[in-house]
Amino acid sequence: MQSGTTTTIHDPKNPEHIKTFTFDLAYWSHSGFQRDKDGVLIPTGSDSGFAGQRDIFRDLGQGVLDSAWQGYNATLLAYGQTGSGKSYSMIGYGADKGMIPNVCEELFKATENREKNQQYQVTFSMLEIYNEQVRDLLSKIQKPGGLKVREDQHQGFYVDGLTYVPCDSYAQIERLMEQGIKARTTAATSMNTTSSRSHMVITIQFKQIFLDGELTKQSTINLVDLAGSERQKSSGSEGDRLREGSRVNLSLTTLGNVISALADVAMGKRVLHIPYRDSVLTRLLQSALGGNSKTIMIAAISPADICYEETLSTLRYAERTKKIKNKAVINTSPTEKLIKELKAENNRLLCRLAGLGNSGKTVADKTKELEYLLAKNQLRLQTIQITWERQLEEARQEWEEQYSAAMQERQMTKTFPYLFNVNEDPQLTGVLKHFIQSGSSDVGQATSNKIVLQGLGISDKHATFTNMDGEVTVTPQKKCRVVVNGVPTVTETKLQHLDRVILGSNSAYLYVGFPSERSSNDWVRFDYDFFQSELAAAEGVSIDKFGAINNKGGKVDPSVLAVFQDYIKLIPLVAEANQMSEELMKGLKLELKVKNLASADSTGYDLQKEVIVKVTNRETQEVWMWSKAKFINRKYLMEEIYQHFLDGEDIHVAQEDDPFWDPVEAIHLGSAHVWLQSLAYCMKLEEQAELLNSEGLEEAVVLINIIPCSGTGEAYGEDDVVIDPSELLGKRIDFQIQIIQCLGIKWLKEDARRGIQIGYKVYDLPITLYTKPVWKNVNAKIEETVHFVALNASHKFLNYLQKNALIVDLWGLQEGCAELNCTKKDLITWEGNILVDNMKTLTAQEANQATSNQMAELYLKLLKLEQETELLRNINRALREENVLLKDSLKGCGPGQDHKLSSASRITAQAVSRRNTPPTYPPRTSCDADFAKAPKVFYQSMNIVRGQFLKLRHNRPPEDDHMLRPFTQRQSHLLKDIGELLEASLWKLKNDVALIVKKKRESLVLTKYRGSSFP
Ligand SMILES: Nc1ncnc2c1ncn2[C@@H]1O[C@H](COP(=O)(O)OP(=O)(O)OP(=O)(O)O)[C@@H](O)[C@H]1O
Ligand SMILES: [Mg+2]
């Protein structure tokens, strides 16, 4: 929410959490608008609160222009995350012209009323900084490695060799901008280094020459459209071995550091160093940021919930920037004086050169430097002296050529069907058009093709488009990737108006049909994300699959939506990485995966999902799992090497610097949930748990037992079961985890040389325990038993046992990788067991958090427990009464009085004494014993039912359609099994109870009978 000068932001997760920021100006442009007859967005009414492009220009642009007229330097920077509206504000879209066109247009309008004794000179330059390289967007020839940024005592930092085009009309600037954006797009499409990762700097030099006073007033206007701010964090923030390697975000990071340092200076803090020199962007903007310039920063923010974190970070960034205070001065210089100065300096340089002597390395270096300075001064002198008119005339000729080419292209769009490029950055979409003229047109990288297309994965001759009999078709060359509307095609395919065509790994084009076909003009809908979503959908990936629709009225969970968007954004990047790997012969296969797609935490809740990249070496079958951040970082580094490869340079890198290489590591393959509830009842659990991968597919089966036992490790039997886990509170609990075997391991079926380890973490143990590695065995025998003991079982521990599962992780080992540390030496006590539920292992913070989170929960539990206690008391009372009755009846039966205790009290007594005495198993004779056993048996069956149910829940449908039938069959078998088991258990319980009731009645009848016979 914005108003006047304040911006207020609500945390979507915590709506009461509101933050307000104050700036010089704040605007809202998300709602309250309509289009006027020219297609410009305007407010719907005086109270709509909408700010359009003209409003922004009036408030900011006019100030920039006024500064220029007065001879101040001015700079306008747009900062913000991708898609937040930086380019919209700076350049604009269609009729909604942004700041740059508006400033230029107004500047020329004002110069039209020029005075006779004044001359105005406007030059225009446009450059892009990508990966610390400067690309001149107005030059036809691109220098490999880009242009150099040099420093000069007059000019400060400047780009050596940059094209400055003299202009005398706004139309000329419009055409130049078009040309620049086209150059940017061509570079982006041919390299696939999407341009929203680059910064664009437009510089307008405005000179007013007062002919009578021989005075020149000069202003430099820098207009900067920065790369998306989130890129700064998207890579390198996480433990990648090569995180320092990529320079792609260096400029943005350094800009942040410079702004922080300058803000500190403004606050009166002592700052030793402002790191201007650390990046290309900050060198170029040095005077704009901390010196002679009136500088404005536009912080663009998005109103979307999922952008909250980024928006907050942008606002904080802007807040810091606000503190900086620049000292702008009017730049005037007597024109003649400058010439004189340059001449004098040249003479000085010549003298120094003459005095240097002619031998020695330092002399040679110095000579070179002086000669360079001389040449440069000479050039400046020439530039000043060549008449402005001549320069203008040359630029005008070039402009006319460009203009007629643009007119010709415009004419052709009215006649022929064509393809236009669709880029991740909407600013670059629709810039390149390829016409499909009558007959057949080959498409590919080779210049012999009718349509020459650069791009990753595009072959020399890639496909043929045919325009015949009012129909256009595309036929891919053998093995060349052509995707139409998300589906790869290998045969001749007819194209319809607005079909989506992807050529090579990721060059996206929208097909525009014959003029007669163009009924719908809804082109905007088919943006870059549409292409990627279509590809994903064709591969069976959808929001539904990610589980985004939860039960709350079908509302999409924002965190899942964010993962889906990540997935969509990464599809093209992964395709590009695969293509680079292929061309550079690195032999890697990269695949997108979703971590925790079907995984749950130890309490059964879905885990936070995240996109990861599985990397496989096709030759060695080695596998790695890369996080999103690591992948993005690696992708930047891959691009650097690939660019060297395209430039024909040596691309050899040491293995440890190779982004395509990593040391082999253990891979997490899947996990199983082993519910611990039976332990809370002192019941043995023997599980055959399925180890499911993150997509819910079986990786292996683990045989695992969890056995309650005595301190010396003897397993407890059936009769040690407790009815109420709270009986164990404060007692010692011993149990063993036995991992016996892992069966049918897919990881080993794929490659028999591999190995596995199993990891699990019990309750509050600070580390994960791993079993010893087992290599080269599909059915790995593990046979490991670990004895755990809780000396003084806490509430929390008992609660954990009842509500949580032990998560058993399967780790895949591969040749040459470090095994996971499986020694438990440090944890094992002198008794040979491992202590759990040991308060000391809880950190203070955890304890604190646990307290606050659980207070409310505990209160509810307490209430429930009280109710349960009341119920148990009633049962107890009933049983006691019954006991009295039975005792009485038994009195009459003679010997055997030892067996009179009810089983309910026996179980309790045993639970108390279990620690020290070996269990005794008196024979069960009364119905009470049966009564206690029946729910126990029922509980065990229910446990199995629950296990099966969980399996079913995590069983994901296969992606192949033909696999769907066996899947559904298996699913219905599983359901049938559960149903039958449930029926059988209920039937058994009913029978048991009926039997007990019957027995009881008989015994009562007997008692009564005896009572009446023997009063
Ligand atoms: N104020 C606005 N009014 C209307 N549309 C807007 C506005 N701001 C942005 N948009 C639209 O949002 C989309 C993304 O905006 P834009 O291209 O300006 O983002 P950006 O900040 O430059 O992103 P990137 O970092 O990727 O270059 C565009 O389609 C643009 O038309
Ligand atoms: Mg942009």
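Small disclaimer: the values here were computed from a predicted structure and weren't measured.

1. What to know about the overall build of the protein
For step 1, the next point in the chain: Counting its regular elements, the protein contains 22 helices and 41 strands.
For step 2, the next point in the chain: Residue burial in the protein is summarised as follows: out of 1015 residues, 46% are buried.
For step 3, the next point in the chain: Long-range pairs, those at least 24 residues apart, make up 67% of the contacts in the protein with a sequence separation of at least 6.
For step 4, the next point in the chain: In the form shown here, the protein has an accessible surface area of approximately 51,900 Å², with 54% of it arising from carbon and sulfur atoms.

2. Some words on the sheet that holds strand β29 (residues 588–595)
For step 1, the next point in the chain: Strands sit in the order β29-β30-β31 across an open sheet of three strands; the sheet is antiparallel. Whereas interior strands pair on both sides, the edge strands pair on one side only; in this sheet they are β29 and β31 (623–627). For this sheet, the mean inter-axis angle between neighbouring strands, taken without regard to orientation, is 30 degrees.
For step 2, the next point in the chain: Taken together, the eight bridges between β29 and strand β30 (residues 610–617) define a ladder with antiparallel strand orientation. Residue Lys 589 lies in a different strand from β30, and its bridge partner there is Thr 616.
For step 3, the next point in the chain: Sitting on the sheet, helix α14 (residues 558–583) is in contact with β29 and β30, with an inclination near 170 degrees to β29.
For step 4, the next point in the chain: Against the sheet, helix α15 (residues 628–646) makes contact with β29, β30 and β31, and its axis sits at roughly 100 degrees relative to β31, the strand it touches most.

3. Some details on the site of ligand 1
For step 1, the next point in the chain: In the neighbourhood of ligand 1, 15 residues make up the surrounding shell, with Ser 29, Gly 83, Lys 86, Tyr 88 and Tyr 93 lying closest.
For step 2, the next point in the chain: With respect to ligand 1, the side chain of Ser 29 contributes an N or O atom lying 2.7 Å from a nitrogen atom.
For step 3, the next point in the chain: One nitrogen or oxygen atom from the main chain of Gly 83 is found 2.8 Å from an oxygen atom belonging to ligand 1.
For step 4, the next point in the chain: A total of 630 Å² of accessible area belongs to ligand 1 in isolation, and the protein chains cover 77% of it.
For step 5, the next point in the chain: Of all the elements, helix α2 (residues 86–90) adds the most residues to the shell around ligand 1, at three residues.
For step 6, the next point in the chain: Broken down by class, the residue content of the shell around ligand 1 amounts to four nonpolar, nine polar and two charged.

4. Some details on the pattern of salt bridges
For step 1, the next point in the chain: Under the defined criterion, the tally for this structure stands at 38 salt bridges.
For step 2, the next point in the chain: Between Asp 734 and Arg 732 there is a salt bridge, with its nearest N and O atoms 2.7 Å apart. Like Asp 734, the residue Arg 732 is buried in the burial classification.
For step 3, the next point in the chain: The residue Lys 772 makes a salt bridge to Glu 784 at a minimum N-O spacing of 4.0 Å. Note that Lys 772 is positioned in the loop between β37 (769–770) and β38 (774–775) and Glu 784 in strand β39 (residues 781–790), a separation of twelve residues in sequence.
For step 4, the next point in the chain: On the accessibility criterion, Lys 772 (38% relative accessible area) is partly exposed.
For step 5, the next point in the chain: Taken together, the salt bridges that share partners define one network made up of Arg 54, Glu 106 and Lys 109.

5. What about the nonpolar core?
For step 1, the next point in the chain: Counting residues in hydrophobic clusters, the biggest one holds 57 residues, and the most contacted among them are Phe 546, Tyr 567, Leu 590, Leu 592, Val 613, Trp 626 and Phe 631.
For step 2, the next point in the chain: Considering each element in turn, this core owes the most residues, eleven residues, to α14.
For step 3, the next point in the chain: In this structure, Val 613 is in contact with Val 574, Leu 590, Glu 591, Leu 592, Trp 624, Met 625, Trp 626 and Phe 631, ignoring residues within four places of it in sequence.
For step 4, the next point in the chain: Counting residues in each nonpolar core, the second largest holds 52 residues, with Val 721, Val 786, Leu 806 and Leu 810 among its members.

6. Structural notes on the packing of aromatic side chains
For step 1, the next point in the chain: This model, assessed by the stated rule, comprises 16 aromatic pairs.
For step 2, the next point in the chain: Their ring planes at 20 degrees and their centres at 6.2 Å tell us that Tyr 88 and Tyr 93 sit as a pair that is stacked.
For step 3, the next point in the chain: With centroids separated by 4.9 Å and ring planes inclined at 85 degrees, the aromatic side chains of Phe 526 and Phe 530 adopt a geometry described as edge-to-face.
For step 4, the next point in the chain: Note on Phe 526: relative accessible area 6%, which makes it buried.
For step 5, the next point in the chain: A relative accessible area of 24% means that Phe 530 is categorised as partly exposed.

7. Focus on the environment of Gln 81
For step 1, the next point in the chain: In this fold, Gln 81 is placed in the loop between β6 (74–80) and α2.
For step 2, the next point in the chain: Spatially, the C-alpha atoms of Gln 81 and Ala 300 are 7.4 Å apart, while their sequence positions differ by 219 residues.
For step 3, the next point in the chain: Aside from chain neighbours lying at most four places away, what touches Gln 81 is Lys 86, Gly 228, Ser 229, Glu 230, Ala 300, Ser 302, Cys 307, Glu 310, Thr 311 and Thr 314.

8. Some details on helix α18 (residues 795–803)
Each full turn of the α-helix corresponds to 3.6 residues, which orients residues three or four apart in the same direction.
For step 1, the next point in the chain: Listed in full, the buried residues belonging to α18 are Phe 797, Leu 798, Tyr 800 and Leu 801. Seen from one end, α18 has its buried residues packed into an arc of 155 degrees, which puts them on one side.
For step 2, the next point in the chain: Considering only its buried residues, α18 is in contact with α16 (677–680), β35 (733–743) and β39.

9. Description of the sheet that holds strand β28 (residues 507–512)
For step 1, the next point in the chain: Pairing in this open sheet of six strands is antiparallel, and the strands run β19-β18-β28-β27-β24-β25 from one edge to the other. Edge positions in the open sheet fall to β19 (433–435) and β25 (487–489), since each of these has one partner strand only. When strand polarity is set aside, the average angle formed by the axes of neighbouring strands in this sheet is 30 degrees.
For step 2, the next point in the chain: Relative to β28, strand β27 (residues 500–503) runs antiparallel, the two sharing four bridges. The partner of Ile 502 across the bridge, within β28, is Ala 508.
For step 3, the next point in the chain: Running over the sheet, helix α12 (residues 388–413) touches β18 (418–421) and β19 and is turned about 60 degrees from β19.

10. A closer look at unusual backbone geometry
For step 1, the next point in the chain: Notably, Lys 776 is not glycine yet its phi reads approximately 55 degrees, a positive angle.
For step 2, the next point in the chain: Secondary-structure assignment places Lys 776 in the loop between β38 and β39.
For step 3, the next point in the chain: Phi is positive for Glu 783, close to 45 degrees, though the residue is something other than glycine.
For step 4, the next point in the chain: You can see Glu 783 is positioned in strand β39.

11. Brief notes about the packing of helix α1 (residues 53–70) against helix α3 (residues 99–112)
For step 1, the next point in the chain: Taken N-terminus to C-terminus, the directions of α1 and α3 make an angle of 50 degrees; their axes are 10 Å apart at the nearest point. The angle between the axes of α1 and α3 places the two elements in the oblique class. In this structure, α1 crosses over α3, and the sense of that crossing is right-handed. In this structure, α1 contributes Arg 54, Ile 56, Phe 57, Leu 60, Gly 61, Leu 65 and Trp 69 to the contact, and α3 contributes Met 99, Asn 102, Val 103, Glu 106, Leu 107, Ala 110 and Thr 111.

12. Things to note about the pairing of strand β12 (residues 156–159)
For step 1, the next point in the chain: Both strand β11 (residues 149–152) and β12 contribute to a ladder of four bridges, which runs antiparallel. Across the sheet, Asp 152 pairs through a bridge with Gly 156, a residue of β12.
For step 2, the next point in the chain: Linking β11 back to β12 in an antiparallel pair, the connection comprises three residues.

13. Some remarks on the packing of α14 against α15
For step 1, the next point in the chain: Between α14 and α15, the least distance of the axes is 10 Å, while the angle of their chain directions is 40 degrees. In terms of their interaxial angle, α14 and α15 are classed as oblique. For the pair α14 and α15, the sense of crossing is left-handed. Residues Asp 566, Leu 570, Leu 573, Val 574, Glu 576, Ala 577, Met 580 and Glu 583 of α14 touch α15, and the partners they reach there are Lys 628, Phe 631, Ile 632, Lys 635, Met 638, Glu 639, Tyr 642 and Phe 645.
For step 2, the next point in the chain: In terms of residue class, the contact of α14 with α15 is built from ten nonpolar, no polar and six charged.

About the thresholds
Residues numbered from 1 in each chain as written. Chains lettered and ligands numbered in written order. Predicted model: local features only at pLDDT ≥ 70, side-chain atom pairs only at ≥ 80, totals over all residues. Heavy atoms only, no water. Helix = DSSP H or I, 4+ residues; strand = E, 2+ residues; numbered from the N terminus. Buried < 20%, exposed > 50% of the residue type's maximum accessible area, 1.4 Å probe, protein only. Contact = heavy atoms within 4.5 Å. Areas by Shrake-Rupley, 256 points an atom, 1.4 Å probe, with all protein chains shown as cover. Pairing = 2+ DSSP bridges. Axes fitted to C-alpha atoms, helices over the stretch in contact; angles between N-to-C directions. Near = heavy atom within 4 Å. Polar contact = N/O pair within 3.5 Å; in protein donor to acceptor, adjacent residues only side chain to side chain. Nonpolar A, V, L, I, M, F, W, Y, C, P; charged D, E, K, R; others polar. Salt bridge = Lys/Arg side-chain N within 4 Å of Asp/Glu carboxyl O. Core = buried A, V, L, I, M, F, W, Y, C linked by side-chain atoms within 4.5 Å. Phe/Tyr/Trp six-rings, centres within 6.5 Å; stacked < 30°, edge-to-face > 60°. Arc of directions from axis to C-beta. Parallel < 35°, antiparallel > 145°, perpendicular 65-115°, else oblique. Left-handed = near helix turned anticlockwise from the far one by under 90°.

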